[in-house]
Amino acid sequence: MQEIIKTIEKIAVKISDELKYADLGYTDHANATGDTQLKLDVKSDNIITKEFDGVSSVRLLISEEKEEALKIHDSGKYIVAYDPLDGSSLVDVNFAVGSIFGIYENELKPSNLVAAIYCVYGPRLEMVVCTETPKLYRLDREGSFKFIKDLNLKEKGKLNATGGTQKGWSDEHRAFIKGLFDEGYRLRYSGAMVSDLHQILLKGGGLFSYPATSDAPHGKLRVSFEVLPFAFIYERAGGLTTDGNSKSLFEIKLEKIHQTTPCFFGSKYEINKLLESK
Ligand code: P6P
């Protein structure tokens, strides 16, 4: 696992450097979930594939940008599922974006997720690494990732990150979100889940929601490389997660590598309030 973590540190520095000066144009391809690929998406994916090619403990790579899993080492015991550049469509407005990695042992199923790591390319390059509990690291002037602090969520937060096109929300979801704002929650939503979830985690709590909507009835966010890695981190930070009905996002039945799900991540108060409202 240490070799995987060190590889992701190298990847983070390379992608962070690429973001500063890269071509922000689009390719003429779409990924498996229909998002038109930016040249940066493909470049980031290539950086990751190249770096992991030298890691013999990794058997398969699953990428948001590739239709199928890529076999790299027959004898490896890990599967690395990743979104190479989450929120990439926001690079042209200079917003913070990130890379998300879920590390599964032997088989791609929720209970086999053994580590989750994400990088945030913002004013500073940060990484959150979670095997047992989430730990924040930051790149220092010497080019090393230094441990900053352990991350945990309070019982109740103040931030409300409301995903999905509001026109497509159900009346029930709309009423629930309004209820939080009526309690004084502040809207914090950028359109990059890595940054939005990082903010709630570092500010101590709140709710991130991407529900089923009329235009995305199965939600938009991808289970294996977006939802489960953050669910792993949030639950180990003392928070809760759900698909809107389940007791945890880890109850999901993962059948396809690009499968999506409605998802809610947050402090205990907000998630329990959601489940009690059903
Ligand atoms: P919407 C970025 O494209 C992404 O996959 C997530 O990072 C983000 O939370 C979501 O889509 C934003 O989607 O529909 O709110 O613009």
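Residues numbered from 1 in each chain as written. Predicted model: local features only at pLDDT ≥ 70, side-chain atom pairs only at ≥ 80, totals over all residues. Heavy atoms only, no water.

As named in an unreviewed UniProt entry, the protein is Fructose-1,6-bisphosphatase class 1, taken from Campylobacter iguaniorum. Under Catalytic activity (unreviewed entry), UniProt gives the following word-for-word description of the protein: "beta-D-fructose 1,6-bisphosphate + H2O = beta-D-fructose 6-phosphate + phosphate". You can read under Pathway (unreviewed entry) in the UniProt record for the protein the words "Carbohydrate biosynthesis." (UniProt positions renumbered as here; feature names shortened; annotations may be inferred.)

*Asks:* Lay out the state of the cysteines with the relevant residues and their values.
*Replies:* Under the definition given, this model contains zero disulfides. Here cysteine 263 stays free of any disulfide, with the sulfur of cysteine 130 as its closest cysteine sulfur at 17 Å. Accessibility expressed as a relative area gives 0% for cysteine 263, which makes it buried. (Disulfide = S-S within 2.5 Å. Buried < 20%, exposed > 50% of the residue type's maximum accessible area, 1.4 Å probe, protein only.)

*Asks:* Tell me about a positive patch on the surface, residues and numbers included.
*Replies:* Taken together, the side chains of Lys149, Lys154, Lys158, Arg186, Arg188 and Lys203 make up a positively charged region of the molecular surface. With respect to the helices and strands, the residue arginine 188 is situated in the loop between β12 (186-187) and α4 (193-202). (Patch = residues over 30% accessible without salt bridge, like charges linked within 9 Å, V, L, I, M, F, W, Y side chains within 5 Å. Areas by Shrake-Rupley, 256 points an atom, 1.4 Å probe, with all protein chains shown as cover. Salt bridge = Lys/Arg side-chain N within 4 Å of Asp/Glu carboxyl O. Lys, Arg positive; Asp, Glu negative; His and termini not counted. Charge placed at Lys NZ, Arg CZ, Asp CG, Glu CD. Helix = DSSP H or I, 4+ residues; strand = E, 2+ residues; numbered from the N terminus.)

*Asks:* Can you tell me about the UniProt feature "binding site: Mg(2+) 2" (unreviewed entry) in the protein, naming the residues and giving the values?
*Replies:* As annotated in UniProt, the feature "binding site: Mg(2+) 2" (unreviewed entry) corresponds to Asp83, Asp86 and Glu226 in the numbering used here. Sequence-wise these annotated residues cover 144 residues; spatially they are packed, their C-alpha atoms never more than 8.6 Å apart. Contacts of aspartate 86, omitting those with residues within four sequence positions, involve Val97, Gly98, Ile100, Ala192, Met193, Val194 and Glu226. With respect to the secondary-structure elements, glutamate 226 resides in helix α5 (residues 223-236). According to the relative accessible area criterion, glutamate 226 is buried, its value standing at 0%. Residues within four places of glutamate 226 in sequence aside, it is in contact with Glu64, Asp83, Asp86, Ile100, Met193 and Leu221. For glutamate 226, the side chain forms a polar contact with the main-chain nitrogen of arginine 222, separated by 2.7 Å. (Contact = heavy atoms within 4.5 Å. Polar contact = N/O pair within 3.5 Å; in protein donor to acceptor, adjacent residues only side chain to side chain.)

*Asks:* Just give me the short version of α4, but keep the residues and values in it.
*Replies:* Quick reminder: α-helices carry 3.6 residues per turn. Residues three or four places apart thus point the same way. Of all 10 residues that make up α4, eight are buried, and the element is covered over most of its length. All of the buried residues in α4 are Met193, Val194, Ser195, Asp196, Leu197, His198, Ile200 and Leu201. Just downstream of α4 lies glycine 204, where phi reads positive at about 95°.

*Asks:* Let's hear about the pairing of strand β13 (residues 206-210): which residues, and what values?
*Replies:* The element β13 is largely enclosed, with a buried count of five among its five residues. A two-sided burial pattern is seen for β13, the buried positions comprising Gly206, Phe208 and Tyr210 on one face and Leu207 and Ser209 on the other. Judged from the four bridges that link them, strand β11 (residues 159-162) and β13 form a sheet pairing that is parallel. Across the sheet, residue leucine 159 finds its bridge partner in β13, namely glycine 206. In the sheet, β13 pairs with strand β15 (residues 263-266) via four bridges, with the strands oriented antiparallel. Residue pairing across strands places phenylalanine 208 opposite phenylalanine 265, the latter belonging to β15. (Pairing = 2+ DSSP bridges.)

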